[in-house]
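# Structural features, examined
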Protein chains: 2
Amino acid sequence: MSDANVTTYLLDRLAAARVDRIFGVPGDFTLAMLDDIDAHATVAWVGCANELGAGYAADGYARIRGLGVVCTTFGVGELSAINAIAGAYAEHVPVLHVVGSPATATQAAARATHHTLGDGDFGHFARMAAEVTQVQAVLTVENAAEEIDRVIRETLAARRPGYLLIPADVAAAPLAAPSADLAAVEAEAADAEVLADLRDAVAAALEGASSVAVLADILVQRMGAERALHDLLALGVPHAVSLWGRRVVDESVPHYAGPYVGAVSEPAARSVVEDADVLVLAGVQFTDLMSGFFSQHLPETTIDIGPRRTRIGDREFGPVPMAEALGVVADAIDDARAAGRLVLPGVAASVSATSATAAADAATAAVAPVTAGTGPAASDDPDAQLTQAALWDVVSAQLRSGDVVIADQGTAFYGMGTHRMPAGVTFIGQPLWASIGYTLPALLGAALADRSRRPIVLIGDGAAQLTVAELGTLARDRVPAVVLVVDNGGYTVERAIHGRTAAYNDIAGWDWAALAAAFDPTGFALGARATTAAEVADAFARHDARGDGLTVIQAVVPPLDVPPLLSALAEAAARANRAASQG
Amino acid sequence: MSDANVTTYLLDRLAAARVDRIFGVPGDFTLAMLDDIDAHATVAWVGCANELGAGYAADGYARIRGLGVVCTTFGVGELSAINAIAGAYAEHVPVLHVVGSPATATQAAARATHHTLGDGDFGHFARMAAEVTQVQAVLTVENAAEEIDRVIRETLAARRPGYLLIPADVAAAPLAAPSADLAAVEAEAADAEVLADLRDAVAAALEGASSVAVLADILVQRMGAERALHDLLALGVPHAVSLWGRRVVDESVPHYAGPYVGAVSEPAARSVVEDADVLVLAGVQFTDLMSGFFSQHLPETTIDIGPRRTRIGDREFGPVPMAEALGVVADAIDDARAAGRLVLPGVAASVSATSATAAADAATAAVAPVTAGTGPAASDDPDAQLTQAALWDVVSAQLRSGDVVIADQGTAFYGMGTHRMPAGVTFIGQPLWASIGYTLPALLGAALADRSRRPIVLIGDGAAQLTVAELGTLARDRVPAVVLVVDNGGYTVERAIHGRTAAYNDIAGWDWAALAAAFDPTGFALGARATTAAEVADAFARHDARGDGLTVIQAVVPPLDVPPLLSALAEAAARANRAASQG
């Protein structure tokens, strides 16, 4: 047990932010810190197989808990994790990267120290981190308390990664425990005049409108505005979500229309979004993959609610916190409905099979709608050879409220994209950064963030090769996960884009079921091979019956079978990559 | 088969530089390039499990072939490989990192594209790469030929990594094949006057000296000056090497004294280096781990031969290429010997057990000599429980001329550090960058760089967890390697520094022998568990008898058993990390 020092100060701050796990790989510049973690009352160390896995795990943890921490050693360790940090930046996830560096005296001597480039410059890696983090600090004995507070505060406020570089001697330097709570960054409050202007503008936008709809996205969750969104939708407003924002709304209500992916959307969602007189955009960021390569077609009048500002036409109102803006819109919609000006019929009534917009676009759409899939349709025979369509049907049928489902950015994410999930399921993807292999370690973090929920990861075999080693960590930490590996012999997400039968899209054929036992000789992890929908369902049933264990389901599907939504997006991606230079 | 384009131009240039393999992971921004690689007459694609593995493989390949290439996709792919690129920079290894990026038009639109941070800035990752590469270029249709040539040329000349960012449309743009050979960077030649001055200064340094010795290091190999060093040592000059420079000299000659590691050296090497009247430093870079934490104690007169400049006392001579400077020194030593002024007795005569230097330092040495080991000594009984001492003895006894041996930066590297190896063995470590896990993928690259040699990797279980997935790639590509995993339940290299029995230095217990079969159901890879020296020897024998197969030897040793050399260095490392701040 150490006396109060810089590390224990940091740990106390993290504990107060509800962090109880730190992910990482030990290195000689972090070992003293690890002693303090081991000795801490509530924060525990989770050693991972490698640093990229640890970074992804911290990201998964942060998505459930609100803050995740990865701790690595200088140079070799931090650079191995930096892809995960960049991903957290892109996806608005607050991950703190704590890096242990050579002691201050070692750095001052500027000699060729291991884990450096040998050039005496100890600043290379902090400069690299600055490109992909929101806030950075190099701790000294003098600035430690202030800088720890600043970095944690800004990481939480921005929902983006922070970077703390701690020399080995500074980590162990005496520092009294925090004497007061960490002051949160004050959300910039809206002043009364701005709010009044916003209210007027929203009312004006709704004036004369006979229909209104909401498109919601991931930033609603990141900004903690889910409650306000829920209250707005509870009025009966028809709504859709982006694929990124799956599960920020309750998908079981009738006025939920499904995911909106621009021209790739199914007709119901497309009509709700595109045919509304007024569309409320709640925390929406249109990215290439989430918009069918920017094929969204929005109504003329939109109310675009961002994290701190709301835009209506060419006017911008701010600062207005997202939750407050959603409240203003809800009030206005409720007034309009009460006054009989606005009908909120739910999605069933608002969908028209002959929607004018859909018809007009059909001839010119750059992106084919999802109904033009390439793969076999789901068979009703549960013993038929497994297909992508049947796989996602049977997986969806296994889900229940409380599950945490993480889908890797290949056939899994897009295959699940068109399935509704029960209320209370958390669905996590990484569609902007789209780093394959992310999900397996992310599941480790998400599962440790809330041990009460059933953790499920859906991942292709090509993606799972990138981060397979954390299977061992999942088993060691007794995470009772379902790890469903889609075995189709390679990168089918790439095959859909280019090189359909090219050898470079094939991978080495591993025995996934055997890997479970090799990574965990204790028998906690078991493998199951499934070639039919019935066998997938059976593997889930046996997993639940065991009660406490990890199950790797190797689900075998044809290599060229692609979920319809992915097929449509992949064609658009291929087109974008072929685009001639404008330069 | 594509018509001549930017990618085929690049491939032709690489082929001319003797590159016949490109390592990587496919991504949608590189797929068009991969078609051209597939179609190329001599360059082939090696798909790896992940990008870090691909980067390490390219490094291992470059150390044997003179140039290695890794190809990844924008953002997610390149950042996963960047630790390997930084390692190649630190260790003077010419690796070219080819990155496929979004098309020029996509970048110009500055929209939220997958594999970006979503902020419209496509320059983040190139700026990060600039911190750890020697030369960088972003290709356009206009500059492609010129920039490809410049980057390859400077990568080769500096023996350090280059970075080529190629937008998807540029990769496919027409470009005629190279019409002339790539002009090499002209080595700056020494002019006659500088050479004459150097000759005089060397002669003056040797004037009155009765003994001379050479300390050689890795840069001799990197600068292609091994032949000149060999000619110098053939005169009978006593010599030592740094641990980094193992095998730049023939270790089987009697006047080779062993590795010099400052105060941690064994007495013979220490005496040869420290007691010489004149010491020739051939390509030496003193790093913390290679110098016993800067405990080297050099004679007053040194001739310090760097890649392009030679320093004697406070005078510097240059430009003089390393090989030429070694030639000048050899001539001067030969003259002095012919004139009877210098005796070159070989190491046996020059070692004195009561060496004045050694005696003087013994009382004050900050670092204990290696004889103060902590582990059990090697037993003569081949059936005794395996120890570190016995393990490296038996492994050394298995080596034969032509082997490529790669030792990870833990007990393997330091355990082998005190063993002589047969002539014709190449020994590869990564002691400056010291990124654990490096060796397993590096072996893939080294083995594919020269299929005629027996590839052997020596790696701890903690390190092997970081990059284990490339076991599958080794088996898929039918690399007949010996993969010796030191199973001691964790990071013993860290235990030696700090946290001897701490839980954070333990790892999940994997079944390494079973992993071989799980990663390769074809039976090419087999596992063998060894708990005695006899079983290790037997596993090697059975590997050779099989003729064509990969053998994973799980060598079980006690967790707290540490090779003596590592033990001494670890104590010094712990001291450096505890050093009080000077700030």
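Structure shown above.
Quick summary incoming for the structure in this document. None of these values were measured; they are calculated from a predicted model.

## As for the pairing of strand 2 (residues 44–47) of chain A
Two faces make up the sheet, and in a regular strand the side chains alternate between them. All names here are of chain A. Where strand 1 (residues 21–24) and strand 2 come together, four bridges link them in parallel fashion. Pairing of Arg21 across the sheet is with Ala44, part of strand 2. Crossover strand 1 to strand 2 through helix 2 (residues 31–39) is right-handed.

## With respect to the packing of helix 9 (residues 192–206) of chain A against helix 13 (residues 322–338) of chain A
Residue and element names in this part refer to chain A. At a minimum axis distance of 10 Å, the contact between helix 9 and helix 13 shows a crossing angle of 45°. One finds that helix 9 runs oblique with respect to helix 13. Taken as a pair, helix 9 and helix 13 cross one another with a handedness that is right-handed. Between helix 9 and helix 13, the contacting residues are Leu195, Leu198, Arg199, Val202 and Leu206 on the first element and Glu324, Ala325, Val328, Val329, Ala332 and Ile333 on the second. Looking at the contact of helix 9 with helix 13, its residues break down into nine nonpolar, no polar and two charged.

## Brief notes about the interface of chain A and chain B
Interface extent is often summarised as the accessible area lost during association of the parts. On the chain B side, the residues contacting the 91 residues of chain A number 91 residues. Across the chain A to chain B interface the summed buried area is about 7,300 Å²; carbon plus sulfur atoms make up 62%. Its largest share of buried area at the contact with chain B, chain A owes to Leu117(A), Glu131(A) and Tyr504(A), together 10% of the area lost on that side. In this assembly, chain A and chain B are joined by two salt bridges. Note that Arg127(A) and Glu131(B) form a salt bridge whose closest N and O atoms lie 2.8 Å from each other. At the boundary of chain A with chain B, the tally comes to 34 residue pairs in polar contact (both at pLDDT 80 or more). Residue classes in the side of chain A that touches chain B are distributed as 52 nonpolar, 25 polar and 14 charged.

## Regarding the side chain of Gln285(A)
In this structure, Gln285(A) sits in the loop between strand 10 (278–282) and strand 11 (301–305). In this structure the side chain of Gln285(A) is engaged in a polar contact, spanning 3.4 Å, whose partner is the backbone oxygen of Gly118(B). Excluding anything up to four places from it in sequence, Gln285(A) contacts His92(A), Asp217(A), Trp244(A), Leu432(A), Ala112(B) and Gly118(B).

## Observations concerning the state of the cysteines
A complete count under the given rule lists zero disulfides over all chains for this structure. The thiol of Cys71(A) is not disulfide-bonded; the next cysteine sulfur, from Cys48(A), is found 11 Å away.

Thresholds, definitions, all that
- Residues numbered from 1 in each chain as written.
- Chains lettered and ligands numbered in written order.
- Predicted model: local features only at pLDDT ≥ 70, side-chain atom pairs only at ≥ 80, totals over all residues.
- Heavy atoms only, no water.
- Pairing = 2+ DSSP bridges.
- Helix = DSSP H or I, 4+ residues; strand = E, 2+ residues; numbered from the N terminus.
- Right-handed = clockwise from strand over helix to strand, strands pointing away.
- Axes fitted to C-alpha atoms, helices over the stretch in contact; angles between N-to-C directions.
- Parallel < 35°, antiparallel > 145°, perpendicular 65-115°, else oblique.
- Left-handed = near helix turned anticlockwise from the far one by under 90°.
- Contact = heavy atoms within 4.5 Å.
- Nonpolar A, V, L, I, M, F, W, Y, C, P; charged D, E, K, R; others polar.
- Buried area = accessible area lost by both parts, 1.4 Å probe.
- Salt bridge = Lys/Arg side-chain N within 4 Å of Asp/Glu carboxyl O.
- Polar contact = N/O pair within 3.5 Å; in protein donor to acceptor, adjacent residues only side chain to side chain.
- Disulfide = S-S within 2.5 Å.

Don't take any of this as a statement about function, it's just geometry.
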